Amino acid sequence: METQKPTTGKFAMNYGIILGVVMILISVITYVTGMALEGTQWPQYIYYIIFPVVIFYAISQFKSRNASLLSLGEAIKIGVIIAAISAIVYIIYGFIFNYIIDPDFMNQMKEVVRDKMLENPNMTPELVDQQMVWVEKFMSPVLGSAFWIAASMFFGLLWSLIAGLVMKKENTHA
């Protein structure tokens, strides 16, 4: 009886959803505790640790379910798909949050960012105004979402490339 080879897309989708939910949980926790408006950054670092761990784990699970075989291409596909799906899941949550749950949150965040910039003695009010133009562009739904997906996929590519190079094992009896 031959075991069926797992498909990279379907396999990666599950892990992408899990990673997206992790990001949502971190976001909800920072919102509920008030850390988001305080500008607390350390919860985001948890995500930066979990992101490569999930990609490495998913690739190792794929390899173990694929008769211990893994090509570099499969590893990269898995990592990039995980990254893209997780970004899309988080963006969907972001739209729901920003348009339904707390529509004023983005304006509050912009004020927090402005206040943080003004605390810097090297930043004049004119410089802050110039920087805020860019902040507002990246906080816009379309540009922010595109940037988030692109950045996530870039890091997914990077981590899956590393994982693929480390775990690669191709069938030599093909």
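Here the residue index of a chain counts from 1 through its sequence in written order. The predicted origin of the model limits local features to residues at a pLDDT of at least 70 and limits the giving and counting of side-chain atom pairs to 80 or more, whereas totals for whole chains, interfaces and linings rest on all residues. Side-chain figures throughout are based on the complete set of non-hydrogen atoms in the structure, without hydrogens or water.

1. Some remarks on the packing of helix 4 (residues 72-101) against helix 7 (residues 141-167)
Move 1: Geometry is summarised by axes, namely lines fitted to C-alpha atoms with helices restricted to the contacting stretch, and by angles between N-to-C directions that run from 0 to 180 degrees. Secondary structure elements are taken from DSSP: a helix is a run of H or I of four residues or more, a strand is a run of E of two residues or more, and numbering for both begins at the N terminus. At their nearest, the axes of helix 4 and helix 7 sit 7 Å apart, and the two run at 155° to each other. Judged by the angle between their axes, helix 4 and helix 7 are roughly antiparallel. The two elements helix 4 and helix 7 cross, and the hand of that crossing is right-handed.
Move 2: Only Asp, Glu, Lys and Arg are considered charged, only Ala, Val, Leu, Ile, Met, Phe, Trp, Tyr, Cys and Pro nonpolar, and every remaining residue, Gly among them, polar. Counted by class, the contact of helix 4 with helix 7 contains 19 nonpolar, 7 polar and no charged residues. Throughout, the term roughly parallel applies to angles under 35 degrees, roughly antiparallel to angles over 145, roughly perpendicular to angles from 65 to 115, and oblique to all others. Crossing handedness is defined as follows: a turn of the near helix away from the far one that is anticlockwise and smaller than a right angle gives a left-handed crossing, while the clockwise case is right-handed.

2. Some details on the nonpolar core
Move 1: For this analysis, a nonpolar core means a set of buried residues of the types Ala, Val, Leu, Ile, Met, Phe, Trp, Tyr and Cys, connected via side-chain atoms within 4.5 Å. Burial classification: accessible surface area is computed with a 1.4 Å probe over protein chains only, and a residue below 20% of its type maximum counts as buried, one above 50% as exposed, and the rest as partly exposed. Counting 27 residues, the largest nonpolar core has Ile59, Ile78 and Ile82 as the members making the most contacts within it.
Move 2: At the level of elements, helix 1 (8-32), helix 3 (42-65), helix 4, helix 5 (105-119) and helix 7 are the ones that each hand at least two residues to this core.
Move 3: Beyond its immediate stretch of four places on either side in the chain, Ile59 contacts Leu70, Ala75, Ile78, Ser160, Ala163 and Met167.
Move 4: Membership of the second largest hydrophobic core comes to 5 residues, among which are Met117, Met123, Val128 and Val135. Contacts between residues were defined by any pair of non-hydrogen atoms, one from each residue, lying within 4.5 Å.

3. A short note on the environment of Ile76
Move 1: Along the polypeptide, Ile76 turns up in helix 4.
Move 2: Sequence separation between Ile76 and Leu165 is 89 residues, and the spatial gap between their C-alpha atoms is 9.7 Å.
Move 3: For Ile76, the residues in contact, after removing those within four places along its chain, are Leu157, Ser160 and Leu161.

4. A closer look at the layout of surface pockets
If a probe the size of a water molecule is rolled over the atoms, the empty space left behind becomes visible.
Move 1: Here the term cavity refers to a set of points on a 1 Å grid, laid over the protein atoms alone, in which a 1.4 Å probe fits but cannot get out; the term pocket refers to an open set having protein on both sides within 12 Å along at least five of seven lines, with lining residues being those that place an atom within 4 Å of a point. Grid points are joined across faces, edges and corners, and a volume is the space filled by probe spheres set on the points. The volume enclosed by the largest pocket comes to roughly 1,500 Å³.
Move 2: Around the largest pocket, the lining comprises 43 residues; the ones closest to its centre are Met23, Tyr90, Met106, Phe138 and Trp148.
Move 3: Among the secondary structure elements, those contributing two or more residues to the lining of the largest pocket are helix 1, helix 2 (35-38), helix 3, helix 4, helix 5, helix 6 (125-138) and helix 7.
Move 4: Counting residues per element, the lining of the largest pocket draws most heavily on helix 7, which supplies 9 residues.

5. Regarding helix 6
Move 1: Here the expected length of a helix is defined as 1.5 Å per residue gap, with one fewer gap than residues. End to end, helix 6 covers 20 Å across 14 residues, agreeing with the expected 20 Å (1.5 Å per residue, within 8%).
Move 2: All buried positions along helix 6 are accounted for by Val128, Met132 and Val135.
Move 3: The inward-facing, buried residues of helix 6 abut helix 5.

6. Digging into unusual backbone geometry
Leaving glycine out, the prevailing phi sign among residues is negative, and the prevailing peptide bond configuration is trans.
Move 1: With phi around 55°, Ala67 is a residue other than glycine that occupies positive phi space.
Move 2: Taking the relative accessible area as the measure of exposure, Ala67 reaches 60% and is therefore exposed.
Move 3: Of note, the phi angle at Ser68 is positive, near 60°, even though the residue is not glycine.
Move 4: If you trace the backbone, Ser68 turns up in the loop between helix 3 and helix 4.

7. So, the packing of aromatic side chains
Move 1: Ring pairs are drawn from Phe, Tyr and Trp, using the six-membered ring of Trp, whenever the two centres fall within 6.5 Å, and their geometry is named by plane angle: stacked under 30 degrees, edge-to-face over 60, tilted for the rest. Scanning the entire structure with this criterion turns up 17 aromatic pairs.
Move 2: A ring pair is formed by Tyr15 and Tyr57, whose centres lie 6.1 Å apart and whose planes are at 70°; its orientation type is edge-to-face. Pair noted here: Tyr15 is in helix 1 and Tyr57 is in helix 3, with a separation of 42 residues, a long-range link.
Move 3: When its relative accessible area of 14% is taken as the criterion, Tyr15 is described as buried.
Move 4: On the accessibility criterion, Tyr57 (46% relative accessible area) is partly exposed.
Move 5: Aromatic ring contacts, followed pair by pair, group Tyr31, Tyr45, Tyr47, Tyr48, Phe51, Tyr90, Tyr93, Phe97, Phe105 and Trp148 into a single cluster.
Move 6: Only when the NZ of Lys or the CZ of Arg is both within 6 Å of the ring centre and within 35 degrees of the ring normal is a charge said to sit over the ring. We note Lys137 situated over the ring of Trp134; from NZ or CZ to the ring centre the distance is 4.5 Å.

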